[in-house]
Every structure is written in C-alpha cells, then in structure tokens.
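Chain by chain, the residues:
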Amino acid sequence: QVQLEESGGGLVQPGGSLRLSCAASGLTFSKYHMGWFRQAPGKERELVMSIAANGAWESRPDSRKGRFSISRDNARNTVYLQINNLKPKDTAVYYCAAGTSILAMRGDGMEYWGKGTLVTVSS
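What you see is a predicted model; the values in this text were computed from it and never measured.

Further remarks concern the overall build of the protein chain. In terms of helices and strands, the protein chain carries zero helices and 11 strands. The linear arrangement of helices and strands in the protein chain, starting from the amino end, is β-β-β-β-β-β-β-β-β-β-β. For the protein chain, whose C-alpha radius of gyration is 13 Å, the value lies close to the compact-globule estimate of 14 Å for 123 residues. Considering only C-alpha atoms, the protein chain reaches an extent of 40 × 30 × 25 Å along its principal axes. Sorting the 123 residues of the protein chain into buried and exposed places 44% on the buried side. Partitioning the contacts of the protein chain with sequence separation of at least 6, the portion at a separation of at least 24 is 58%.

This paragraph deals with the sheet that holds strand 8 (residues 78–83). Spatially, 1-3-8-7 is the arrangement adopted by the four strands of the open sheet, whose pairing is antiparallel. A single partner strand is all that each edge strand has here, and the edge strands are strand 1 (3–7) and strand 7 (68–73). The average angle at which neighbouring strand axes cross in this sheet is 15°, direction not considered. Pairing geometry for strand 7 and strand 8, over six bridges, is antiparallel. Across the sheet, Asp73 pairs through a bridge with Thr78, a residue of strand 8.

Residues Trp57, Ile102 and Leu103 make up a contiguous nonpolar surface patch of about 300 Å² in total accessible area. One can find Trp57 in the loop between strand 5 (46–51) and strand 6 (58–59).

Residue position: Glu6 is located in strand 1. Although buried, Glu6 forms no salt bridge, and the nearest oppositely charged side chain, Lys115, lies 8.8 Å from it. In terms of polar contacts, Glu6 uses its side chain to reach the backbone amide nitrogen of Lys115, at 3.2 Å. A distance of 2.8 Å separates a polar side-chain atom of Glu6 from the backbone nitrogen of Gly116. Every residue in contact with Glu6, bar those within four places of it in the chain, is listed here: Ser21, Cys22, Trp36, Tyr94, Tyr95, Cys96, Gly114, Lys115, Gly116 and Thr117.

Right, let's talk about the pattern of salt bridges for a bit. What the rule picks out here adds up to six salt bridges. In this structure, the salt-bridge partner of Arg38 is Asp90, at a minimum N-O distance of 2.9 Å. Of this pair, Arg38 sits in strand 4 (residues 33–39) while Asp90 sits in the loop between strand 8 and strand 9 (92–99), and the two are 52 residues apart along the sequence. Taking relative accessible area as the criterion, Arg38 reaches 8% and is therefore assigned buried.

Each disulfide is one covalent bond, formed between the sulfur atoms of two cysteines. Under the defined criterion, the tally for this structure stands at one disulfide. Here Cys22 is linked by a disulfide to Cys96, with a sulfur-sulfur distance of 1.9 Å. With the S-S bond torsion at 50°, the cross-link from Cys22 to Cys96 turns out right-handed. Of this pair, Cys22 sits in strand 3 (residues 18–25) while Cys96 sits in strand 9; the two residues are 74 residues apart in sequence, bridging distant segments of the chain. Taking relative accessible area as the criterion, Cys22 reaches 0% and is therefore assigned buried. By relative accessible area, which is 0% here, Cys96 ends up buried.

Conventions used here
- Residues numbered from 1 in each chain as written.
- Predicted model: local features only at pLDDT ≥ 70, side-chain atom pairs only at ≥ 80, totals over all residues.
- Heavy atoms only, no water.
- Helix = DSSP H or I, 4+ residues; strand = E, 2+ residues; numbered from the N terminus.
- Rg over C-alpha atoms; globule rule 2.2 N^0.38 Å.
- Buried < 20%, exposed > 50% of the residue type's maximum accessible area, 1.4 Å probe, protein only.
- Contact = heavy atoms within 4.5 Å.
- Pairing = 2+ DSSP bridges.
- Axes fitted to C-alpha atoms, helices over the stretch in contact; angles between N-to-C directions.
- Patch = residues over 30% accessible without salt bridge, like charges linked within 9 Å, V, L, I, M, F, W, Y side chains within 5 Å.
- Areas by Shrake-Rupley, 256 points an atom, 1.4 Å probe, with all protein chains shown as cover.
- Salt bridge = Lys/Arg side-chain N within 4 Å of Asp/Glu carboxyl O.
- Lys, Arg positive; Asp, Glu negative; His and termini not counted.
- Polar contact = N/O pair within 3.5 Å; in protein donor to acceptor, adjacent residues only side chain to side chain.
- Disulfide = S-S within 2.5 Å.

Laid out in structure tokens, this is it:
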C-alpha cells in the first residue's frame with residue numbers, strides 16, 4: 001500500500017521559514033517524480049514545485065522563484081520543500097504527490113497523494 005505522509009506544517013510568523021517533509025512508502029521512490037502542491041482556503045489546488053525522480057531537475061511556476069526550493073533524498077524515500085520569507089498568502093494545506101509520467105513534472109497525472117499538512121502564516 002502506497003503512503004505519502006507530509007509533516008512540518010504549523011503556525012509561522014510572516015518572514016519565517018519552514019521545511020516540509022514527505023515520507024513515502026510502498027513504492028519504488030526513485031522511479032517517481034515528486035510534486036508539492038498547495039490549496040488555500042477557497043482556492044483551487046496549485047503546483048508549488050516538482051522534482052524529477054533522479055533529482056536532476058526541477059520544475060516550478062515563475063511565481064515560485066526565489067522563496068521555494070525542493071529536494072529529495074532517495075535513500076530516505078523523502079522529498080522536502082523549503083519555504084523562506086513566508087507570507088500570509090502562503091497559508092494553505094500543502095500536499096505531496098507522486099507520479100511516473102513526465103507530465104507529473106508540470107503537476108499532471110499524479111498517481112498518489114498524501115493527506116496534506118497545514119501551513120498557517122500569521123502574526
């Protein structure tokens with residue numbers, strides 16, 4: 001049974017940083033492209049960043065440049081999302097997802113999803 005479990009969310013003040021983790025089990029992690037998504041209240045889910053199965057390249061919307069970084073440790077079956085200089089607009093449930101299709105790098109065709117971790121940015 002495939003499981004993706006996110007952790008690291010919480011309440012953070014504006015300007016702070018967080019590192020989210022997603023631990024995967026039940027799949028051959030090194031064969032899956034991984035993505036971080038988020039869904040803010042009242043909004044559609046959106047891709048934050050993705051990383052290739054071998055970690056060699058990443059994909060992100062232009063709006064994500066600068067404050068976000070993604071990494072993975074295939075030995076630990078874990079993918080990370082670092083968010084710096086957090087802003088209230090970053091408040092959302094953050095999900096990780098896995099997919100083998102190259103389309104996963106743009107956020108499509110994900111096969112497995114975690115349940116999410118809530119990030120709240122507020123003073």
